[in-house]
Amino acid sequence: PNFFFFFFFGSVFSSIKNQLRKAMVDVSKWPLFSLLSSEELAKIRQACVFGMSANEAIYITHSNEVFAFGSNCSSCLGTGDSQSTIVPKELDLLRGKKVVGLSYGCGPHVLLVTADGQLFAWGHNGYGQLGNGTTNQGMSPVLLSGNLLSKKVQEVACGSHHSMALTQDGEVFAWGYNNCGQIGSGSTANQPYPKKVGSFLLGKTTVGIACGQSSSMALLSNGEVYGWGYNGNGHLGIGNNANQLTPCRVTTLQGLCIQQIVSGWGHCLALTDEGLLYAWGSNTFGQLGTGNKNHQLSPVHVMIDKERVVEVAACHSTQTSAAKTQSGQVYMWGQCRGQSILVPYLTHFANTDDVFACFASPPVMWRFMSMEHDDFMTISEALRKEFDSPETADLKFSVDGKCIHVHKAVLKIRCAFDEDQQDVIEISQFSYPVYRSFLQFLYTDTVDLPPEDAIGLLDLATSYCENGLKRLCQQIIKRGITVENAFTLLSAAIRYDAQDLEEFCFRFCVNHLTLVTQTDAFWQVDGAMLKDFITRASHCGAFKN
């Protein structure tokens, strides 16, 4: 066994290292990062490419150092001067601060959020978009205070020349250019300081924000969407093209629970909790994906013939749209390197970030991109081909009369496996698909099961105290939840003490209460659970007229 261990893992070590390097340099799809050495690229944890020509970049290392390089238009690099640089310069003021969010405008100006809720701003400030009460250009990061002094910011969004911040208690603040009402203050006067957005958002909890060039969008905890500001081509999705000075609800989406919203230059994409995609606004380049170039004043359902969508992407600097489906397929449409793609086109990309690196104009990042991979694919890619391989395996699991071939060395490293002299181990308490998925997870860190089968794997993960696998099962279930299986999944979440999943399934059931109560699963649960659900739903106001 010891010889096998060193031989097996010695042979794959270089492969693992190469794959780790590849994972860390996905950012090199952006030409700016070709200036960095492989050693510098390996240190990157988060990054953002921005600017009117995608000529500026900011990145954060694993040691929480913040670096910037590029053209430095309007001192947007925050280096204390207006000089361009091809050599990354560290922003000393931000050293040691854990960055959790970053957004940029078209000046450009930059907003940066730290883990402790602090908000820093710098760059172009001709319209007060830095929120410091002046219109002086900000050459270095400055901590915003004023109305945000006692607040903890968790998310930021920038339009062309206006800014928004979402606090941890669900409040929205806006400031900067306000020619179309994008601040939501009820007027068109520019706003030099962060100002709380009121009107229909008062007393409600906002969980997401997005900015178009001169418009603003807010996603509420109950799945409702509100928009305000410029509406010339229907960017707000409210059925007309009149600008709105205060938040206005997108009523066409009533009855749908939106979980993600993004804004392009003049269009919006919204994703429901059932994986349905809606689009509205400007369509000059086909960025709505409707098959034509007609603007849409209200949301329309797109990608109807495709599988469940799990992520949508757009950016206020571009007219490009992208989406990722449940199986990992990535589609793009809109303005793609000078071409107008009118319907979602299936690419060979692994993620939506690559669409913007290779096809957006300019090729900016649509989000603050993280180089850390939540699924830790480095081990799995190196070992994937060896899973269930009779040629190299030294142990078999027999489940339901079928054999699964594995390696003792892998099991010893990946889980609490007690090596013994057995060559075959019988498993009776779990089904073959479930146990095979568990063993495959040990090799690949991935699971390929429908949500209903993932319940059985969640049971196994709970029994074996495999928390990583437990989280992955919960993710699969969340992405696969439907009206038909929602109550079954809720029951499983309660049974296996998966609290986050339980809350997610409960909210889904409440949001689709009428349809869920008509399913067989709803009436097949035991009376105690049914009573508990009705009580909780009642407390949430689910039965109010």
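Residues numbered from 1 in each chain as written. Predicted model: local features only at pLDDT ≥ 70, side-chain atom pairs only at ≥ 80, totals over all residues. Heavy atoms only, no water.

Novice: For this particular structure, what's the right way to read the overall build of the protein?
Specialist: Within the protein, the secondary structure is distributed over 13 helices and 28 strands. Taking the principal axes of its C-alpha atoms as reference, the protein extends roughly 75 × 60 × 45 Å. Out of the 545 residues in the protein, the part that is buried amounts to 54%. Intrachain contacts of the protein at a sequence separation of at least 6 include 53% that bridge at least 24 residues. Surface exposure of the protein reaches about 23,300 Å², of which carbon and sulfur atoms provide 50%. (Helix = DSSP H or I, 4+ residues; strand = E, 2+ residues; numbered from the N terminus. Buried < 20%, exposed > 50% of the residue type's maximum accessible area, 1.4 Å probe, protein only. Contact = heavy atoms within 4.5 Å. Areas by Shrake-Rupley, 256 points an atom, 1.4 Å probe, with all protein chains shown as cover.)

Novice: Explanation requested: the pattern of salt bridges in the structure shown.
Specialist: For side chains bearing opposite charge, pairing can occur when the charged atoms are close. Applying the stated criterion across every chain, the model contains 18 salt bridges. For Glu224, the salt bridge identified is with Lys204, shortest N-O distance 3.9 Å. Highlighted residues: Glu224 in the loop between β14 (215–220) and β15 (225–229) and Lys204 in the loop between β12 (191–196) and β13 (206–211), separated in sequence by 20 residues. Look at Lys204 and you get partly exposed, because its relative accessible area is 33%. Here Arg507 ties to Glu503 by a salt bridge, and the two come within 3.0 Å at their closest N and O atoms. A residue pair is termed a helical-turn pair when its members lie 3 or 4 positions apart in one helix, as Arg507 and Glu503 do in helix α10 (residues 499–511) at four residues. Owing to a relative accessible area of 34%, Glu503 belongs among the partly exposed residues under this scheme. Through salt bridges with shared partners, one network takes in Lys151, Asp169, Glu171 and Lys196. (Salt bridge = Lys/Arg side-chain N within 4 Å of Asp/Glu carboxyl O.)

Novice: Please clarify how the sheet that holds strand β27 (residues 402–406) should be interpreted in this entry.
Specialist: Sheet strands associate in pairs through backbone hydrogen bonding, adopting either a parallel or an antiparallel arrangement. The strand order across the open sheet built from three strands is β27-β26-β28, with neighbouring strands paired in mixed fashion. The strands lining the two open edges of the sheet, one partner per strand, are β27 and β28 (424–427). Geometrically, the sheet is characterised by an average inter-axis angle of 25 degrees between neighbouring strands, direction not taken into account. Here five bridges tie strand β26 (residues 395–399) to β27, and the two strands are oriented antiparallel to one another. Paired with Leu395 across the two strands is Val406, which belongs to β27. This element, helix α6 (residues 432–444), spans β26, β27 and β28 of the sheet and lies at about 10 degrees to β27. (Pairing = 2+ DSSP bridges. Axes fitted to C-alpha atoms, helices over the stretch in contact; angles between N-to-C directions.)

Novice: Can you walk me through the packing of α10 against helix α13 (residues 527–539) in this structure?
Specialist: Packed helices, taken two at a time, are described by the angle their axes make and the gap between the axes. As a packed pair, α10 and α13 sit with axes 11 Å apart at the nearest point and diverge in direction by 70 degrees. Between α10 and α13, the crossing angle belongs to the class labelled roughly perpendicular. Packed against α10, whose contacting residues are Glu502, Glu503, Phe506, Cys509 and Val510, the element α13 presents Phe533, Arg536 and Ala537 at the interface. Across the contact of α10 with α13, the residue classes break down as five nonpolar, no polar and three charged. (Parallel < 35°, antiparallel > 145°, perpendicular 65-115°, else oblique. Nonpolar A, V, L, I, M, F, W, Y, C, P; charged D, E, K, R; others polar.)

Novice: Explain the sheet that holds strand β3 (residues 66–70) here, please?
Specialist: Taken together, the five strands give an open sheet; going across it, the order is β4-β3-β2-β1-β25, and neighbouring strands pair in antiparallel fashion. Each edge of the open sheet is held by one strand with a lone partner, namely β4 (85–90) and β25 (369–370). The sheet contact formed by strand β1 (residues 44–50) and β25 spans two bridges and is antiparallel. Bridge pairing in β25 places Ala47 opposite Met369.

Novice: I keep staring at the side chain of His316 and nothing clicks. Help me out?
Specialist: Topologically, His316 is positioned in the loop between β21 (309–313) and β22 (320–325). Within the local environment of His316, its side chain forms a polar contact with the backbone oxygen of Tyr104, the two atoms lying 2.8 Å apart. When near neighbours in sequence (up to four residues on either side) are disregarded, His316 contacts Tyr104, Gly105, Cys106, Cys158, Gly159, Ser160, Cys211, Gly212, Gln213, Ser263, Gly264 and Trp265. (Polar contact = N/O pair within 3.5 Å; in protein donor to acceptor, adjacent residues only side chain to side chain.)

Novice: Help me out: how do you make sense of helix α3 (residues 352–359) in this one?
Specialist: Each full turn of the α-helix corresponds to 3.6 residues, which orients residues three or four apart in the same direction. With six of eight residues buried, α3 lies mostly within the body of the structure. Every buried residue belonging to α3 is among Thr352, Asp353, Asp354, Val355, Phe356 and Ala357, and all of these are buried. Tucked into the core, α3 has its buried residues touching β21, β22, β23 (330–336) and β25. Two or three places before Asp353, at the start of α3, stands the capping residue Asn351, its side-chain oxygen 3.1 Å from that residue's backbone nitrogen.

Novice: How do you make sense of helix α9 (residues 486–495) when you look at a structure like this?
Specialist: With seven of ten residues buried, α9 is to be regarded as a mostly interior element. Turning to α9, its buried residues are Ala486, Phe487, Leu489, Leu490, Ser491, Ala492 and Ala493. Where α9 is buried, its residues meet α7 (451–463), α8 (467–479), α10, α11 (513–516), α12 (520–524) and α13. A positive phi of about 55 degrees marks Asp497, the residue just after α9.

Novice: Sorry, what's going on with the packing of α9 against α10 here?
Specialist: Running from N to C, α9 and α10 point in directions that differ by 155 degrees, and their axes come no closer than 8 Å. As judged from the angle between their axes, α9 and α10 are roughly antiparallel. Considering how the two elements wind past one another, α9 and α10 form a crossing that is left-handed. Where α9 approaches α10, its residues Ala486, Phe487, Leu489, Leu490, Ala493 and Ile494 are matched on the opposing element by Leu501, Glu502, Cys505, Phe506, Phe508 and Cys509. Residues of the contact of α9 with α10, tallied by class, amount to eleven nonpolar, no polar and one charged. (Left-handed = near helix turned anticlockwise from the far one by under 90°.)

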